[in-house]
Amino acid sequence: MNIKASSLPLALVLAISAAAQTAHFDGQTWWNHIKVLADDKLEGRDTGSRGEREAQKHAVEQLKNAGAEPAGSEGFYQPVKFVSRQILEIDCRLALLRDGKREPLALGEDAIITTRILPAPEVQAALVFVGYGLKVPEKNYDDFAGLDVRGKIVVIFSGSPSEIPGALASHYQTLAERWKTLRAAGAIGIVSLMNPAVMDIPWSRIALNRAHPTMELDYPEFNETEGAKLAVTVNPASAERLFAGSGHTFAEIAALGKERKPLPHFPLTVSMAAKTKVEVTQVESANLVARFPGTDPALKDEYVVLSAHLDHIGIGELINGDRIYNGAMDNGSGSALVLDMADSFKKHREKLRRSLLLVLVTGEEKGLLGSKYFAAHPTVPAKSIVADVNVDMFLPIVPLKILTVLGLDESDLGDRTREIAQSFGVKVQPDPEPLRNVFIRSDQYNFIRHGIPSVMIDVGAEPGSPEQKVFKEWLTQRYHAPSDDVNQPVDLGAAAKYEEIVRALLLNVANRDLRPRWNSDSFFRRYAEPAKIGQIKIPEALGIK
Ligand SMILES: [Zn+2]
């Protein structure tokens, strides 16, 4: 039988053309990139490591082959300098002091001295429990009201009360924002109590990970913890020891915190004493930046960023006979998507009005450092970046029925994502677990801090669904573990569909007349000064209709 196209009913023609639009990806080429990036030979792509350099070389080759232009400061590269801090635990001591008596805390078992803050060689100070340790002027919320924490170490329960919206709570829990508040209050250190209800990985694995050095950007402008002398994280299983004699228990605090209820504030009867030693070395790496130029004379100097981090956490403690943390999903998956996307623009040329900027950042696992550097020193004019679509560990391990869109309600980028997803028969939801702070836990956050509307999109699950159990299990078993490798089940169909949606979103942002805008009620809108909004008229940018 032969059916001529002209005899097809219109609906069928449209259906066929819609199908053609969804044919850019098959999942397999994406998976092939992951197999390269997550190969044992690349040793988990630690920031500044040989393995990361190999991954970068591979990515640059792929970007070149796809016809992308170099858009870094040195070809495709934008060099970034770091300091690395390795704790020398053998020379460290940590203890509680109770009535003049020392109660040692075993490092690893009871607590960890974190080096995200460079610890002072010796610290001793009283402890004060400050609840969530938040000050949120927008909500008239202040955990420090009436408390004297001058010269003291504050003890904080990770999380936030339900009266603080998720994005806002996430924002104020970043180390930089937290330290601003603590410094103003006069505190000298932080003890973090993990919220057992939202721990992504068990304490045993957190304790193992402490052997990894931490990193900071090696530029004075990025020092966000001046005056901080000590940061300690306490195992929830040992936390009761801090509360003994205070009239409160950790169990009581954890039960309230789980429900995001208000927490009490009170001085603890113990002090903390620490002796620390840290080895500091310098490390260099780079972000990769590539461009597909737009063609519209009025819009081609504006950029839509697609970002993903290429680094992972390298070689670490042995788990089940394996010490290479391959990072296949985290974030081989997002990096592979960027390479796959570049290739799709070569194979299926699209008319782009704005330019597309592909950014593969370094140092994400060290605290979003590569993106922090890029957002502060972009290789294109700062005002020209109209949006960031970030892809990090999007987890196509279940069929794609629903997407979780971080930043869904913050800008019209969220609305555009919703529209496009729905056209593919996919629902969207905002972050169902705001306590996990995912919104500030990947690179989009640094773009947001510079006023750029951003989203991060993950394959999602409806609360209470079997898929949600799959994700939970994945986080417990594979997240930041050697088993996040290429020997895990993935759903190539879900990956391909996800890629199609991201591609359609990039095209939408590149080609629509208006650049994305913050919603008028978004907290993060404050970072978009009118001067940065460019095309939009000033009164509109100020929210005056
Ligand atoms: Zn990670």
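**Regarding the overall build of the protein**
Then comes step 1: Counting secondary structure elements, the protein contains 16 helices and 22 strands.
Then comes step 2: Relative to the globule expectation of 24 Å for 545 residues, the C-alpha radius of gyration of the protein, 24 Å, shows essentially globular dimensions.
Then comes step 3: A principal-axis box enclosing the C-alpha atoms of the protein has dimensions of 90 × 60 × 45 Å.
Then comes step 4: For the protein, buried positions account for 57% of its 545 residues.
Then comes step 5: Long-range contacts, defined as pairs at least 24 residues apart, comprise 82% of the intrachain contacts of the protein with a sequence gap of at least 6.
Then comes step 6: Across the protein, 63 positive and 69 negative side-chain charges occur, with their mean positions spaced 2 Å apart.

**Thoughts on the nonpolar core**
Then comes step 1: If you look at the biggest cluster of nonpolar residues, it comprises 78 residues, and the most contacted ones within it are W30, F292, L306, L337, L358, L403 and Y498.
Then comes step 2: Looking at this core element by element, the count peaks at eleven residues for helix 14 (residues 492–511).
Then comes step 3: The residues touching F292, leaving out its near neighbours within four places in the chain, are A66, G67, A68, A342, F345, L352, S355, L356 and L358.
Then comes step 4: In terms of nonpolar packing, the next biggest core, distinct from the first, is built from 56 residues, L96, V191, V438 and M456 among them.

**Description of the environment of D311**
Then comes step 1: Of note, D311 is situated in the loop between strand 15 (303–309) and strand 16 (315–319).
Then comes step 2: Residues D311 and D330, 19 residues apart in the sequence, show an inter-C-alpha distance of 8.6 Å.
Then comes step 3: Of the polar contacts made by the side chain of D311, one reaches the backbone nitrogen of E364; its length is 3.0 Å.

**Some points on the coordination of the zinc ion**
Then comes step 1: Surrounding the zinc ion are the protein donor atoms D330 (OD), E365 (OE), E365 (OE) and H480 (NE2), which sit 1.9 to 2.5 Å from the metal.
Then comes step 2: With four donor atoms in place around the zinc ion and angles of 57 to 145° between them, the coordination shape is irregular.
Then comes step 3: Read in sequence order, the donor residues coordinating the zinc ion give the pattern D-x34-E-x114-H. Of this pair, D330 sits in helix 9 (residues 328–347) while H480 sits in the loop between helix 13 (466–477) and helix 14, and the two are 150 residues apart along the sequence.
Then comes step 4: Overall, H480 belongs to the buried group, its relative accessible area being 12%.

**Comments concerning unusual backbone geometry**
Then comes step 1: The omega angle of the peptide bond from D330 to N331 is -5°, so this bond is cis rather than trans.
Then comes step 2: Tracing the backbone shows N331 in helix 9.
Then comes step 3: We note that D99 has phi near 50°; this positive angle belongs to a residue other than glycine.
Then comes step 4: Mapped onto the secondary structure, D99 falls in the loop between strand 3 (93–98) and strand 4 (101–104).
Then comes step 5: Taking relative accessible area as the criterion, D99 reaches 72% and is therefore assigned exposed.
Then comes step 6: For H480, which is not glycine, the phi torsion reads 50° and is therefore positive.

**Observations concerning a positive patch on the surface**
Then comes step 1: A surface patch of like charges, here positive, comprises R93, R102, K275 and K277.
Then comes step 2: You can see K275 is positioned in strand 13 (residues 266–275).

**Side note on the packing of helix 2 (residues 28–37) against helix 14**
Then comes step 1: Viewed as axis vectors pointing N to C, helix 2 and helix 14 meet at an angle of 105°, and their least axial separation amounts to 8 Å. Regarding the angle of helix 2 to helix 14, the classification is roughly perpendicular. In contact with Q28, W30 and W31 of helix 2, helix 14 contributes L492, A495 and E499.
Then comes step 2: The class makeup of the residues in the contact of helix 2 with helix 14 is four nonpolar, one polar and one charged.

**Side note on the pattern of salt bridges**
Then comes step 1: Considering all chains together, one arrives at 22 salt bridges under this definition.
Then comes step 2: A salt bridge links R416 to D412; the shortest N-O distance between them is 3.6 Å. Taken together, the positions of R416 and D412, both in helix 11 (residues 412–423) and four residues apart, correspond to about one turn of that helix. In this pair, the class of R416 matches that of D412, namely buried.
Then comes step 3: A salt bridge links E419 to R512, with the shortest nitrogen-to-oxygen separation between them at 3.2 Å. Remark: R512 occurs in the loop between helix 14 and helix 15 (530–533) and E419 occurs in helix 11; sequence separation between them is 93 residues.
Then comes step 4: Given a relative accessible area of 47%, E419 falls into the partly exposed group.
Then comes step 5: Shared partners join several salt bridges into a network, and the residues in it are E177, K180 and R449.

**What about the environment of Q282?**
Then comes step 1: Its place among the elements puts Q282 in strand 14 (residues 278–292).
Then comes step 2: What makes Q282 exposed here is its relative accessible area of 66%.
Then comes step 3: For the pair Q282 and G493, spaced 211 residues apart in the sequence, the C-alpha separation amounts to 42 Å.
Then comes step 4: Ignoring any residue separated from it by four or fewer positions in sequence, one finds Q282 in contact with F82, V83 and D218.

About the cut-offs
- Residues numbered from 1 in each chain as written.
- Predicted model: local features only at pLDDT ≥ 70, side-chain atom pairs only at ≥ 80, totals over all residues.
- Heavy atoms only, no water.
- Helix = DSSP H or I, 4+ residues; strand = E, 2+ residues; numbered from the N terminus.
- Rg over C-alpha atoms; globule rule 2.2 N^0.38 Å.
- Buried < 20%, exposed > 50% of the residue type's maximum accessible area, 1.4 Å probe, protein only.
- Contact = heavy atoms within 4.5 Å.
- Lys, Arg positive; Asp, Glu negative; His and termini not counted.
- Charge placed at Lys NZ, Arg CZ, Asp CG, Glu CD.
- Core = buried A, V, L, I, M, F, W, Y, C linked by side-chain atoms within 4.5 Å.
- Polar contact = N/O pair within 3.5 Å; in protein donor to acceptor, adjacent residues only side chain to side chain.
- Donors = N, O, S within 2.8 Å, 3.2 Å for Na, K, Ca; no water.
- Tetrahedral: all angles 85-135°; square planar, octahedral: opposite > 155°, others 65-115°.
- Patch = residues over 30% accessible without salt bridge, like charges linked within 9 Å, V, L, I, M, F, W, Y side chains within 5 Å.
- Areas by Shrake-Rupley, 256 points an atom, 1.4 Å probe, with all protein chains shown as cover.
- Salt bridge = Lys/Arg side-chain N within 4 Å of Asp/Glu carboxyl O.
- Axes fitted to C-alpha atoms, helices over the stretch in contact; angles between N-to-C directions.
- Parallel < 35°, antiparallel > 145°, perpendicular 65-115°, else oblique.
- Nonpolar A, V, L, I, M, F, W, Y, C, P; charged D, E, K, R; others polar.

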